[in-house]
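Below, each chain spelled out in residue letters.
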Amino acid sequence: MESPNEISAPAGTVAPEEPNGTAAVSVPPVADALPADAPAVGGPKAPMAAAPEAAPRVSLLMPVMNVGRYLPESLASARAQTLADIEIICIDDGSTDGSLAIMRAAAEEDERIRVIEKANSGYGDSMNRALDLARGTYIGILEPDDIMYPESLERLVAAAEAAQAEVAKGNFELYWTSPSERVEFFEVADNARCAAPSRPLEDPFIFYQKPSIWSAVYRRDFLERHGIRFLPTPGASFQDCSFSFKVFASAARVVYVHDSMLRYRQDNEGSSVNARNKVFCTCDEYAEIERWIAGEFASEHGEAAARDLMRVEQVAKYDSYMWSYVRLAPEFRVMFLERMAGEFTAALDAGWFELDDLKPWKRANLAAIMRDPTGWVRGNASYAAAGPFGRMMHYLKLGGPGLLVSYALNRVRHE
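Per chain, residue numbering runs from 1 following the sequence as it is written. Reporting in this predicted model follows two pLDDT cut-offs: at least 70 for local features of residues, and 80 or more for side-chain atom pairs to be given and counted; totals over whole chains, interfaces and linings ignore these cut-offs and use all residues. Values reported for side chains reflect all heavy atoms of the structure, with hydrogen atoms and water molecules removed beforehand.

### A closer look at the packing of helix 8 (residues 303-325) against helix 10 (residues 360-371)
Short version of the rule: Here an angle of 0 to 180 degrees is reported between the N-to-C directions of two axes, which are lines fitted to C-alpha atoms, with helices fitted over the stretch in contact. Each helix is a run of H or I in the DSSP string that is no shorter than four residues. Each strand is a run of E no shorter than two, and both are numbered from the N terminus. Angle categories: roughly parallel below 35 degrees, roughly antiparallel above 145, roughly perpendicular from 65 to 115, and oblique for all the rest. Crossing handedness is defined as follows: a turn of the near helix away from the far one that is anticlockwise and smaller than a right angle gives a left-handed crossing, while the clockwise case is right-handed. Any two residues having at least one pair of non-hydrogen atoms within 4.5 Å are treated as being in contact. Following the grouping adopted for this structure description, the nonpolar residues are Ala, Val, Leu, Ile, Met, Phe, Trp, Tyr, Cys and Pro, the charged ones are Asp, Glu, Lys and Arg, and the polar ones are all others, Gly among them.
Look at helix 8 against helix 10: their axes get within 12 Å of each other, and the N-to-C directions meet at 65°. It follows from the interaxial angle that helix 8 and helix 10 lie roughly perpendicular. You can see that helix 8 and helix 10 cross each other, and the crossing is left-handed. On helix 10, the residues touching Tyr318, Asp319 and Met322 of helix 8 are Lys362, Asn365, Leu366 and Ile369. Residues of the contact of helix 8 with helix 10, tallied by class, amount to 4 nonpolar, 1 polar and 2 charged.

What follows is the structure, encoded as structure tokens:
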């Protein structure tokens, strides 16, 4: 029998595919990059052996793959930053449209832009290559279809330095251009949480937010010290989950900025996952998080802290899995929920969390999925496309008026 003080993989846990509770985590106080050999394209650059004072304040990383339609506007927003002391590292992941030509032209006009060309190997590998090349004190990230506001990097860096924080995190806006232009403010952190820096392990709300790694800056030495990188699974998606989780679990001080830092494009957000090799990408990310908690985190902070963090992770994982489910093509939904049911059953058996850690409607929903994942898919064919009213009807059917009221009140309170 395993000791109850040890974190170990539960029986039946599925390994990664090949090539909301609010309890604080109890931890004690917290006391390589190698150059890539890919060719760089651009205007005159300072030599790599430049004195430390020549390093830019921010390295802004832009992973690019066939986004020619949106790339010019995104690049223009990067170049327009009021914090001029930046480098813009564009990693082309084997684009076959006009993206590479757009980046090359911009690099000819702006010596701060470096263009790295490589064969297609996926988002995670692109980001790791960019991290290897970065020289800035801070790391920023801009997806090549998003638009960053001009003062964003300046404000985030100023906030980080004023708070002596490893991470400065801002809010953002959801942005649609079709069928008509629409902007909606997305509040990750409210005004109260923006008033002073905090430690995510003591106020873990951030773990239950959708990963949004691009509305933040990170001290580069912090990322390197903790070995925080991206999971480089070839062709995978959703590879910001494990990066974001490790950042907030490792940070001693995070400062939040209430204003919007960028517009996060939503025009393609509802597209389905149609490729079989991407069905379990989110599962692979959470398998990596669980490996890291049981390994590196437990070694540094102890088994008790690891158990607390694993409980937080399981609650966040449920939300991510349901978010991923609605984006799957119909033919993959049963196989995804079968894996989800197996993973959560194993986690419950291992004592990683309890169903009571979930809010009532989530608890009821997960219990129904674990009982019969195939039956759940067949009985809830409209779930993926359901809006707020459809979800309310789902929870009414699942648990009666009491569950419906609980869900509705949560939406009204924006909890």
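### A few points about the side chain of Arg333
Under the convention used in this document: The classification of residues rests on relative accessible area computed with a 1.4 Å probe and restricted to protein chains. Under 20% of the type maximum is buried, over 50% is exposed, and intermediate values are partly exposed. Positive charges are assigned to Lys and Arg, negative charges to Asp and Glu, while His and the chain termini are left out of the count. For salt bridges, the criterion is a side-chain nitrogen of Lys or Arg within 4 Å of an Asp or Glu carboxyl oxygen.
Mapped onto the elements, Arg333 comes out in helix 9 (residues 333-350). One buried charge, Arg333, has no salt-bridge partner; the nearest side chain with opposite charge is Glu331, at 7.6 Å. Not counting chain neighbours up to four residues away, the residues in contact with Arg333 comprise Tyr325, Leu328, Val377, Ala381 and Ala384.

### Some points on helix 3 (residues 123-133)
By the criterion of burial, helix 3 is predominantly enclosed, with 10 of the 11 residues buried. All of the buried residues along helix 3 are Tyr123, Gly124, Ser126, Met127, Asn128, Arg129, Ala130, Leu131, Asp132 and Leu133. Looking at the packing, one finds that the buried side of helix 3 touches strand 2 (58-64), strand 3 (86-93), strand 4 (113-118), strand 5 (138-141) and helix 5 (220-225).

### A look at the packing of aromatic side chains
Inclusion rule: Stacked, tilted and edge-to-face pairs are distinguished by plane angle, under 30 degrees for stacked and over 60 for edge-to-face with tilted covering the rest, among Phe, Tyr and Trp rings (Trp via its six-membered ring) whose centres lie within 6.5 Å.
Under the defined criterion, the tally for this structure stands at 20 aromatic pairs. Taken together, a centroid distance of 4.2 Å and an interplanar angle of 5° make the contact between Phe230 and Phe243 stacked. Taken together, the residues Phe230 in the loop between helix 5 and helix 6 (241-250) and Phe243 in helix 6 connect sequence positions 13 residues apart. Pair check on accessibility: Phe230 and Phe243 agree, each one buried. Aromatic pair Tyr286 and Tyr321: ring centres 6.0 Å apart, planes at 85°, arrangement edge-to-face.

### Digging into the pattern of salt bridges
Using the criterion set out here, one finds 29 salt bridges in the structure. The salt bridge involving Asp356 is made with Arg363; its shortest N-O contact spans 3.7 Å. Under the relative-accessibility criterion, Asp356 is labelled exposed at 58%. Note on Arg363: relative accessible area 26%, which makes it partly exposed. One connected set of salt bridges, linked through shared partners, spans Asp284, Glu290, Lys317, Arg339 and Glu343.

### Digging into the environment of Lys278
Mapped onto the elements of the fold, Lys278 is located in the loop between strand 10 (254-265) and helix 7 (281-301). Residue classification places Lys278 among the partly exposed positions, given a relative accessible area of 31%. Considering only alpha carbons, one finds Lys278 and Leu328, 50 residues apart in sequence, at a separation of 9.3 Å.

### Examining the pairing of strand 2
Operational definition: Pairing between two strands requires that DSSP report at least two bridges joining them. A clockwise course of the path from the first strand over the helix to the second, judged with the strands pointing away from the viewer, identifies a crossover as right-handed.
With 7 of its 7 residues buried, strand 2 lies for the most part within the structure. Of the two faces of strand 2, the one carrying Val58, Leu60, Met62 and Val64 and the one carrying Ser59, Leu61 and Pro63 are both buried. For strand 2 and strand 3, the ladder comprises 7 bridges, and the chain directions are parallel. What sits directly across from Leu61, in strand 3, is Ile89. Where the polypeptide runs from strand 2 across helix 1 (residues 71-79) and back to strand 3, its parallel neighbour, the crossover connection is right-handed.

### What to know about the packing of helix 8 against helix 9
In contact at an axis separation of 11 Å, helix 8 and helix 9 are set at 175° when each is read in the N-to-C sense. The orientation of helix 8 with respect to helix 9, classified from their angle, is roughly antiparallel. Judged by residue contacts, Gln314, Lys317, Tyr318, Tyr321, Met322, Ser324 and Tyr325 of helix 8 engage Arg333, Phe336, Leu337, Met340, Glu343, Phe344 and Ala347 from helix 9.

### Here's the deal with a nonpolar patch on the surface
Basically, it comes down to this: Each patch is built from residues lacking any salt bridge and having more than 30% relative accessible area; the joining distance is 9 Å for like charges and 5 Å for nonpolar side chains (Val, Leu, Ile, Met, Phe, Trp, Tyr). Using a 1.4 Å probe, accessible areas were evaluated by the Shrake-Rupley method; residue-level cover was limited to the displayed protein chains.
Together, Phe389, Met393 and Leu396 make up an exposed nonpolar region whose accessible area comes to about 280 Å². Positionally, Leu396 belongs in helix 12 (residues 388-413). Accessibility expressed as a relative area gives 32% for Leu396, which makes it partly exposed.

### Considering the environment of Asp125
Within the element layout of this structure, Asp125 appears in helix 3. When its relative accessible area of 22% is taken as the criterion, Asp125 is described as partly exposed. Here the alpha-carbon distance between Asp125 and Arg229, two residues 104 residues apart in the chain, equals 9.4 Å. Residues within four places of Asp125 in sequence aside, it is in contact with Lys118 and Pro232.

### Overview of unusual backbone geometry
Residue Pro179 follows Ser178 across a cis peptide bond; omega there is 0°. Mapped onto the fold, Pro179 is located in the loop between strand 7 (167-176) and strand 8 (182-186). Even without being glycine, Asn66 reaches a positive phi, approximately 55°. Position of Asn66 among the secondary structure elements: in the loop between strand 2 and helix 1. Judged by relative accessible area, Asn66 falls into the partly exposed class, the value being 31%.

### So, the confidence of the model for the protein
Counted only if it meets this: Each residue carries a pLDDT value, the predictor's own confidence for that position, ranging from 0 to 100.
Looking at the protein, the pLDDT average stands at 87 and 84% of residues meet or exceed 70. Considering only residues more than four positions removed or in separate chains, one finds that residues 11-19, a stretch of pLDDT under 50, has 13 contacts. Contacts of residues 26-51 to residues separated by more than four positions or lying in other chains number 48 contacts, the stretch itself having pLDDT below 50.

### Here we look at helix 4 (residues 152-163)
Put simply, the rule reads: Multiplying one less than the number of residues by 1.5 Å gives the expected span of a helix. Think of the arc as the fan of directions from the helix axis to the C-beta atoms.
Here helix 4 contains 12 residues, and its C-alpha end-to-end distance of 17 Å stays within 8% of the 16 Å for a straight helix at 1.5 Å per residue. Buried residues of helix 4: Ser152, Leu153, Leu156, Val157, Ala159, Ala160 and Ala163, and no others. The arc that holds every buried residue of helix 4, seen down its axis, measures 160°, which confines them to one face.

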